[in-house]
Structures are given as structure tokens and as C-alpha cells.
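# Breakdown of the fold
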Amino acid sequence: MMTERPRLTPAMADVRRAIRENLSDLTPDAVVLVALSGGPDSLALAAGLAFEAPRAGLLAGAVIVDHGLQEGSHVVAENAAAQARELGLDPVIIRRVKVVPAAGPEADARIARYEALDSVARELGAVAILLGHTLDDQAETVLLGLTRGSGATSLAGMSDINGIYRRPLLGIRRAQTVAACEDQGLTPWNDPHNQDASYTRVRIRHEVMPVLENQLGPGVAEALARTAEQFKQDSAVLDALTSEIMPTVFTPVLGETAQSVQATLDVTALTGLPLAILNRVIRRAALDVFGSSLSSVHTNAVARLITDWHGQGEVHVPGIRVERQGAQLVLTASSSTPTEA
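As the structure is a prediction and not an experimental result, all values here were calculated from the model. (Residues numbered from 1 in each chain as written. Predicted model: local features only at pLDDT ≥ 70, side-chain atom pairs only at ≥ 80, totals over all residues. Heavy atoms only, no water.)

## Here we look at the packing of aromatic side chains
Scanning the entire structure with this criterion turns up one aromatic pair. Judged by centre distance (5.0 Å) and plane angle (75°), the rings of Tyr114 and Tyr165 are edge-to-face. Within this pair, whereas Tyr114 is found in helix α4 (residues 105–124), its partner Tyr165 is found in strand β6 (residues 165–166), the two being separated by 51 residues in sequence. Accessibility expressed as a relative area gives 23% for Tyr114, which makes it partly exposed. (Phe/Tyr/Trp six-rings, centres within 6.5 Å; stacked < 30°, edge-to-face > 60°. Helix = DSSP H or I, 4+ residues; strand = E, 2+ residues; numbered from the N terminus. Buried < 20%, exposed > 50% of the residue type's maximum accessible area, 1.4 Å probe, protein only.)

Have a look at this one:
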């Protein structure tokens, strides 16, 4: 453990306060883990958790996921683990994963990472895993959603609590986590992928956001984060209304094989609903039964079978074939390529 306690600085205090508030609902002896990459955000989070957890009676550890995608990734993982142990976190677990190519490099790595985190949480009985996303990450998420024409759910950004996953630092700027590491003598790892302009998020971070700040003045990131919070509040209401409606309009029919899974939507009951609710019903049906996350283009294509019906044929969206049969939409599992309707 660290032998000298560093002098408390504003950055350290802000990080600790954010963690303390986020974990205030947990009971003593609960196991809390930090997902530690070794970068400044997660390292500052790890240090803050190491300080706050004993004072709240919590058991705090760290999980480092080594994706094996960069040369020397095992060294980065070991260095992160060493700093976590020095901070006093226990247990500190390195979980090496194999990233299976499927949806793209970022998505594939994310899937492997969360599977590993879920696995460790189950093994240790952890009630929370802390993620190091900051206010800057939230702002970038909202801006990315705007450029893609995403709906309110996407523009609501990341949640501070989502199941066992928690993001205490969504109100903390990235510069504060860097400062918190410097103030405590911690040595963060700077991921070279965060400088790779082939990634859209990196271009937003290093090119778009600086231009917006320069042209519009400071506070753009904070404004985008406030936008996310406002959308989150609106989405919570719409999601609650959708949950009330789902049992009356949606019927899953689970088959013996994945290919025979079906579901139906009641066209009569859905006709005339506000589009914000209708689109949510469609997306939830696709996700709950088929595990398919529909884009706005695909959602709108399905919705037109209700709102603009003139006898058109079936629509194919990721993993699902949708056909109108009288007063029902019939959704069937499919491996067909989606149509841009």
C-alpha cells in the first residue's frame, strides 16, 4: 500500500466526492470492483475508490481486462495491477480475453470486456463495477449521437447506474482525473488508440470539440452533458409508458430453435400511438425476443408497416423478418440481410 498519504487537492476531492455519492446506497461489506485500464480516468477512479471504500465499510477490488490487441498489452495490465495493489485494492484480477471478430474492432473488444467483467463479478459476488467514463466521454457520446441522427435514448448518453455498472465520474472533467493522478503520484497509461484519428470518437475528441470550444466559447462539454440529462429524464417517462403498453400489444412465441422464434404486435392497438412510444415498442420487441438492437432506419421501416400500410411486402431488419398479416405484425427470426426500406 502507499506509505505516504498525498495532500488533498481539489481534483482528488472532486473524484472522491463523486464516488462517495454514487455508492451511498450500498450496504457495508458489499464488494465493489473498478474496471481498471490503467488510463488516467480509471486510475483516478481506482484511487478514489481505495480511499472511500474502507470509510463506507465496502470491500474494494480491481479488474484489469487484457484484450491482447496491442503489443505489450500484458505489461500494461501488470503495471495497472501493481498500482491497484499499491493503492490497497484487493483482490486485483487480470482477466485475459480473446476478442472474436464480428461487429467491428471497438464493438468486439467491448463485448469481450463486458463478458469478462460480468464473469469476475459473479465469481466474487460483486454488487457494483465502476467504470471511468467522464463528463467529456458523455459529451462526446451525445455529439456522436447527433451526427448519426440518433433518437432520444441514444442522446440521453450513459447512465450513472445501469445494473451492476456505475459511472461515478460523469460529472468530472477528464482534466480533473489527469490532475488527480498527478497529485497522487500515479503513472497512468495513455492508450495509443485514443490518438488514432481513424476512430470517429477520437476525431470528435481532438478535432471537433476543440473547434466548438474555440468558436462557441467554453462550456460546450458541460452543455452537452446537461442535454443528455434532460433527454434521460424524458426517456424515463417514455420508457415507463412503453412498459405499461407492452403486455397489451406484444406476444412472444418462443420456438424450439432460434430460427423458429416469433413474436406478434397488435396493429390495431398500436395504430394512433405517438411515434415516440410506437418506436420504443418495436425496438423493445426486437431486443427482448431476438436480441437485436435496431437503428432508427430499421425501426422506421417496421413502423411504416403500421403507419403507412399500403400492402407492401415484408421488411428485413438485423436478425428479424417482419411481415404484416391482417391486424398483426409477425416478427420471425431471420439471418437475411436487412433492407433499407
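## Regarding the pairing of strand β2 (residues 59–66)
By the criterion of burial, β2 is predominantly enclosed, with seven of the eight residues buried. Sheet analysis places strand β1 (residues 31–35) next to β2, joined by five bridges and oriented parallel. Residue pairing in the sheet places Leu33 in a bridge with Gly61 of β2. A crossover links β1 with its parallel partner β2, the connecting element being helix α2 (residues 40–56), and its sense is right-handed. Sheet topology note: the β2/strand β3 (residues 92–96) ladder contains five bridges and is parallel. Its bridge partner lying in β3, Asp66 is registered against Arg96. The β-α-β motif built from β2, the intervening helix α3 (residues 73–87) and the parallel element β3 has right-handed crossover chirality. (Pairing = 2+ DSSP bridges. Right-handed = clockwise from strand over helix to strand, strands pointing away.)

## Details of the nonpolar core
Counting 38 residues, the largest nonpolar core has Val34, Leu49, Ile64 and Leu89 as the members making the most contacts within it. Looking at this core, the elements with two or more residues in it are α1 (10–22), β1, α2, β2, α3, β3, β4 (128–130) and α7 (174–183). Ranked by size, the runner-up nonpolar core spans 29 residues in total, among them Ile245, Leu265, Ala286 and Val315. (Core = buried A, V, L, I, M, F, W, Y, C linked by side-chain atoms within 4.5 Å.)

## A short note on the packing of helix α9 (residues 220–249) against helix α11 (residues 275–290)
The interhelical angle for the contact between α9 and α11, taken along N-to-C directions, is 65°, at an axis separation of 9 Å. With respect to α11, the axis of α9 lies roughly perpendicular. α11 is crossed by α9, and the crossing has right-handed handedness. For the pair α9 and α11, contact is made by Ser235, Leu238, Asp239, Leu241, Thr242, Ser243, Ile245, Met246 and Val249 and by Ala276, Ile277, Arg280, Val281, Arg284 and Ala285, respectively. Here the contact of α9 with α11 is composed, by residue class, of nine nonpolar, three polar and three charged. (Axes fitted to C-alpha atoms, helices over the stretch in contact; angles between N-to-C directions. Parallel < 35°, antiparallel > 145°, perpendicular 65-115°, else oblique. Left-handed = near helix turned anticlockwise from the far one by under 90°. Contact = heavy atoms within 4.5 Å. Nonpolar A, V, L, I, M, F, W, Y, C, P; charged D, E, K, R; others polar.)

## As for the sheet that holds strand β7 (residues 250–253)
The five strands are arranged β7-β8-β11-β10-β9 in an open sheet whose pairing can be described as antiparallel. Of all strands in the sheet, those bounded by a partner on one side alone are β7 and β9 (315–317). Strand-to-strand twist in this sheet, taken as the mean axis angle between neighbours without regard to direction, amounts to 20°. As paired elements, β7 and strand β8 (residues 262–266) share four bridges and run antiparallel to each other. The residue of β8 that forms the bridge with Pro252 is Ala263.

## Concerning the pairing of β1
The buried count for β1 comes to five of five residues, which makes it a mostly enclosed element. Alternating residues of β1 divide into Val31, Leu33 and Ala35 and Val32 and Val34, and every residue in both groups is buried. Bridge count between β1 and β4: three bridges; the pairing is parallel. Residue pairing in the sheet places Leu33 in a bridge with Ile129 of β4.

## Some words on the sheet that holds β6
What the six strands build is an open sheet, ordered β3-β2-β1-β4-β6-β5; its pairing is mixed. Each edge of the sheet is formed by a strand with only one pairing partner; in this case those strands are β3 and β5 (161–162). Strand contacts of α2: β1, β2 and β4, with the helix running at about 160° to β1, the strand carrying the most contacts. Sheet strands in contact with α4 are β1, β2, β3, β4 and β6, and its direction is about 140° off that of β3.

## As for unusual backbone geometry
Cis geometry is adopted by the peptide bond preceding Pro91, which originates at Asp90 and carries an omega value of 5°. Within the secondary structure layout, Pro91 lies in the loop between α3 and β3. You will see that Asp29, though not glycine, has its phi angle at about 75°, which is positive. Note that Asp29 resides in the loop between α1 and β1.

Function cannot be read off these values alone, since they describe shape.
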